[in-house]
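Listed below, chain by chain, are the residues.
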Amino acid sequence: MTSESKVNLNEPIWDLSKFQGRLRYYAWITDTRLTLTPTKTLYQYKDIVEYYSKNHSLPHGVTVPDYRRAQQATLSAFHPDTGVLQNVIGRMSFQVPGGMVLCGCMVTFYRSPAAVVFWQWTNQSFNAIVNYTNAPGSSNDTKKIMFAYVTATTSALVTALGLKAILAKSASALLQRFVPFAAVAAANAVNIPLMRQNEIIEGVTVYDENNKEVGKSKYAAVKGIVQVFISRLLIVTPCMSKYYIMEFIFRLLTVTPCMSKYYIMKFISRLLIVTPCMSQPENYLHDLH
């Protein structure tokens, strides 16, 4: 045991009562580089965390920075309720690379109905995996998730194909690239309430300022779901705004012989455009002190 093991390592690194603390904490456990951690190493990290939880001391030879690294990887990769290792695609740390590729494909391959159908279906399948992976242990209802998946995919396809048909005759190509955003918004409007329908029916547990349970509220559940839907739209708005500014720059580059001749160059260029739009600075905060 080291003298550092006397520190209460179960306490959060940052003050979670403040927005900045919560931002730094969730950026810490959703670091994209954690997806590269080998499975064997993840289980070793989990053993270190469980050892400290049981013995309130660090294993021999493990320092506080070592423990924090193990804690970070464990919080990122294992389900908080069941303790089961999550699949890589469904982890929050995979959202930037996964979303980067999907966004790049949805705004690149939009000209044909077949391409729209395929990439909207792929996007909703990705969302379904994320929902299934992160569902609470007590409500991991496969039937409910599949129903939400089918309805969300249908709504996304109807919105995408409908808008494509409307805008194809009267709108510019740049405006048509807003179709994926509208389709995803429509899917969220259907998917979120369906995934959290138990909260709407039964209500959510409400606590007072002393963290004492005072009952259940359906109003709080509905209010929370509406806020989640609105926040998901607002969160991607800056990203989409930055994307369309960079898309304008990209269109200027397409006049070059290399870009106009090779379609793969256009796709790679759009991925490079989407990457900084999805990768916010807070994703790379790693101050553990």
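Here is what the cut-offs are and how they apply
- Residues numbered from 1 in each chain as written.
- Predicted model: local features only at pLDDT ≥ 70, side-chain atom pairs only at ≥ 80, totals over all residues.
- Heavy atoms only, no water.
- Helix = DSSP H or I, 4+ residues; strand = E, 2+ residues; numbered from the N terminus.
- Buried < 20%, exposed > 50% of the residue type's maximum accessible area, 1.4 Å probe, protein only.
- Contact = heavy atoms within 4.5 Å.
- Areas by Shrake-Rupley, 256 points an atom, 1.4 Å probe, with all protein chains shown as cover.
- pLDDT = per-residue confidence, 0-100.
- Phe/Tyr/Trp six-rings, centres within 6.5 Å; stacked < 30°, edge-to-face > 60°.
- Pairing = 2+ DSSP bridges.
- Core = buried A, V, L, I, M, F, W, Y, C linked by side-chain atoms within 4.5 Å.
- Salt bridge = Lys/Arg side-chain N within 4 Å of Asp/Glu carboxyl O.
- Axes fitted to C-alpha atoms, helices over the stretch in contact; angles between N-to-C directions.
- Parallel < 35°, antiparallel > 145°, perpendicular 65-115°, else oblique.
- Nonpolar A, V, L, I, M, F, W, Y, C, P; charged D, E, K, R; others polar.
- Left-handed = near helix turned anticlockwise from the far one by under 90°.

Caption draft 1: Here's a closer look at the overall build of the protein chain. Looking only at helices and strands, the protein chain features twelve helices and two strands. Put simply, the protein chain runs from its N terminus to its C terminus through helices and strands in the order α-α-α-α-α-α-α-α-α-β-β-α-α-α. With 289 residues in all, the protein chain has 38% of them scored as buried. Sequence-distant contacts, at least 24 apart, represent 68% of the contacts inside the protein chain between residues at least 6 apart. When the accessible surface of the protein chain is summed, it comes to about 16,400 Å², and 65% of that surface belongs to carbon and sulfur atoms.

Caption draft 2: Here's a closer look at the confidence of the model for the protein chain. Per-residue pLDDT for the protein chain has a mean of 76; in total, 72% of the residues score no lower than 70. The secondary-structure element of the protein chain with the lowest mean pLDDT is helix α11 (residues 257–261), recorded at 56, while helix α2 (residues 39–55) shows the highest, at 93. Note on residues 1–5: pLDDT under 50 across the span, and ten contacts to partners over four residues away in sequence or across chains. Throughout residues 280–289 the model reports pLDDT below 50, and contacts reaching past four residues in sequence, or to other chains, amount to 19 contacts.

Caption draft 3: Structural detail: the packing of aromatic side chains. This structure, assessed with the given rule, holds eight aromatic pairs. Taking the centre distance of 5.1 Å and the plane angle of 50° together, the rings of Y52 and Y67 count as tilted. Here the residue Y52 occupies a position in helix α2, and Y67 occupies one in helix α3 (residues 64–77), the gap between them amounting to 15 residues. Each member of the aromatic cluster is reached from another via a ring pair, and the members are W14, Y25, Y26 and W28.

Caption draft 4: Spotlight on the pairing of strand β2 (residues 213–217). As paired elements, strand β1 (residues 204–207) and β2 share four bridges and run antiparallel to each other. Within β2, the position partnered with T205 by the bridge is K216. Hairpin connection between β1 and β2: a loop of five residues separates the two successive antiparallel strands, and N211 in this loop has a positive phi of roughly 65°.

Caption draft 5: Up close: the environment of N10. Relative to the elements of secondary structure, N10 occurs in the segment before α1 (19–29). Note: C-alpha distance between N10 and Q71 (61 residues apart in sequence) is 9.5 Å.

Caption draft 6: Expanded view of α1. Residues G21, R24, Y25, A27, W28 and I29 constitute the buried set of α1. On the buried face of α1, the contacting elements are α3.

Caption draft 7: Quick peek at the nonpolar core. L9, I48, L58 and Y67 are the most contacted members of the largest nonpolar core, which totals 15 residues. Sorting the residues of this core by element identifies α2 and α3 as the ones contributing at least two each. Contact partners of L9, with chain neighbours within four places excluded, come to Y52, L58, V64, Y67, R68 and Q71. If you look at the next biggest cluster of nonpolar residues, it comprises seven residues, including A152, A156, A160 and V179.

Caption draft 8: Quick peek at the pattern of salt bridges. Applying the stated criterion across every chain yields a total of two salt bridges. Measuring nitrogen to oxygen at the nearest pair gives 3.2 Å for the salt bridge that ties R33 to D31. Close ionic contact of K46 with E50 constitutes a salt bridge, the shortest N to O distance being 3.9 Å. Of the two residues, K46 and E50 both sit in helix α2, four residues apart, roughly one turn of that helix.

Caption draft 9: Region of interest: the packing of α1 against α3. Two elements in contact, α1 and α3, have axes separated by 8 Å at closest approach and are oriented at 80°. Here α3 runs roughly perpendicular to α1, going by the angle between their axes. Counted together, Y25, W28 and I29 of α1 and R68, Q71, Q72, L75 and S76 of α3 form the full contact between these two elements. Looking at side-chain class alone, the contact of α1 with α3 contains four nonpolar, three polar and one charged residues.

Caption draft 10: How the structure looks around the packing of helix α4 (residues 95–108) against helix α5 (residues 113–134). As a packed pair, α4 and α5 sit with axes 9 Å apart at the nearest point and diverge in direction by 165°. Between α4 and α5, the angle falls in the class roughly antiparallel. Note on packing geometry: the crossing formed by α4 with α5 is left-handed. Two secondary-structure elements touch here, α4 through Q95, G98, G99, L102, C105 and M106 and α5 through W119, Q120, T122, N123, F126 and V130.

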